[in-house]
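Structural overview
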Amino acid sequence: MEIKPIAHIENDYKDKFAVPRQSGITDIKSRIVFEKEYSSMDAVRGLEDFSHIWLIWGFSENVNSKKSLTVRPPRLGGNKRVGVFASRSPYRPNSLGLSSVKLDSVDYKDSELILTVSGADLISGTPIYDIKPYIKFSDSHPEAVSGFVDTNEFKTLEIDDSLKLLEKVPEEKRNALILALRNDPRPAYHCDGDRIYGFGFSDWEIKFRVENGTAFITEITGV
């Protein structure tokens, strides 16, 4: 089966390092821009009546990565292996991702169809292969058991607020950046307090280090 993108996503996540590990855990806004072939209101007729949608997309940055039948989930500290199909690892046999996001608006202007969504866990430029409405009665399972995710708490970071560097980032984008740091974008097996990490976010390069469970921003520069 051959599939091709119907759209791509645009947001402030410029590289995969700081992208949330799951959808829905930040309020960052993203735009889903449709390819010309699908850029018609007919394609989304009735979609505005749904509050959430499913995105089926491709791990475009992992196309040359070595695939394995076992992976090391961050929730397990990056040291214990589980089967790839018992995880949400991006390193999958077919490099496909699935995310539920909040649908904020459906807009069509100058022959361009755009969906604005909240909570996406995709890097900017990621290809979207399909979109489906989220249906509460069938897609929501409050009684679900989530395996090792239920029994292993993911530890978030505190954010050092003694520096004024965050003021370089506009207020409307600041909260999304803080959440990206709070959710600890480092590989789970990295515990070096002296190491400086960096990632691109919107128009800035963010540098930070972690010490005793607290993230310290060391530099914010324009890119």
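Right, let's walk through the structure included here. Every value quoted in this text rests on a predicted model; they were computed, and no experiment measured them.

1. Brief notes about the overall build of the protein chain
Of the regular secondary structure elements, the protein chain holds three helices and 12 strands. Against the compact-globule benchmark of 17 Å for 223 residues, the protein chain has a radius of gyration of 18 Å, which places it among compact chains. Out of the 223 residues belonging to the protein chain, those deemed buried represent 37%. Once local pairs closer than 6 in sequence are excluded, the contacts in the protein chain between residues at least 24 apart make up 68%. In the protein chain, the 30 positive side-chain charges and the 34 negative ones have mean positions that sit 5 Å from each other.

2. A short note on helix H3 (residues 171-182)
Taking 1.5 Å of rise per residue, 12 residues should cover 16 Å, and H3 covers 17 Å from first to last C-alpha, within 8% of that figure. The set of residues buried in H3 consists of Ala176, Leu177, Ile178, Leu179, Ala180 and Leu181. Where the residues of H3 are buried, they touch strand E9 (158-159), strand E10 (197-201), strand E11 (204-211) and strand E12 (214-222). Positive phi shows up at Asp184, right after H3, with a value of about 55°.

Conventions adopted
- Residues numbered from 1 in each chain as written.
- Predicted model: local features only at pLDDT ≥ 70, side-chain atom pairs only at ≥ 80, totals over all residues.
- Heavy atoms only, no water.
- Helix = DSSP H or I, 4+ residues; strand = E, 2+ residues; numbered from the N terminus.
- Rg over C-alpha atoms; globule rule 2.2 N^0.38 Å.
- Buried < 20%, exposed > 50% of the residue type's maximum accessible area, 1.4 Å probe, protein only.
- Contact = heavy atoms within 4.5 Å.
- Lys, Arg positive; Asp, Glu negative; His and termini not counted.
- Charge placed at Lys NZ, Arg CZ, Asp CG, Glu CD.
- Expected span 1.5 Å × (residues − 1).

Geometric descriptors of this kind do not, in isolation, establish any biological role.
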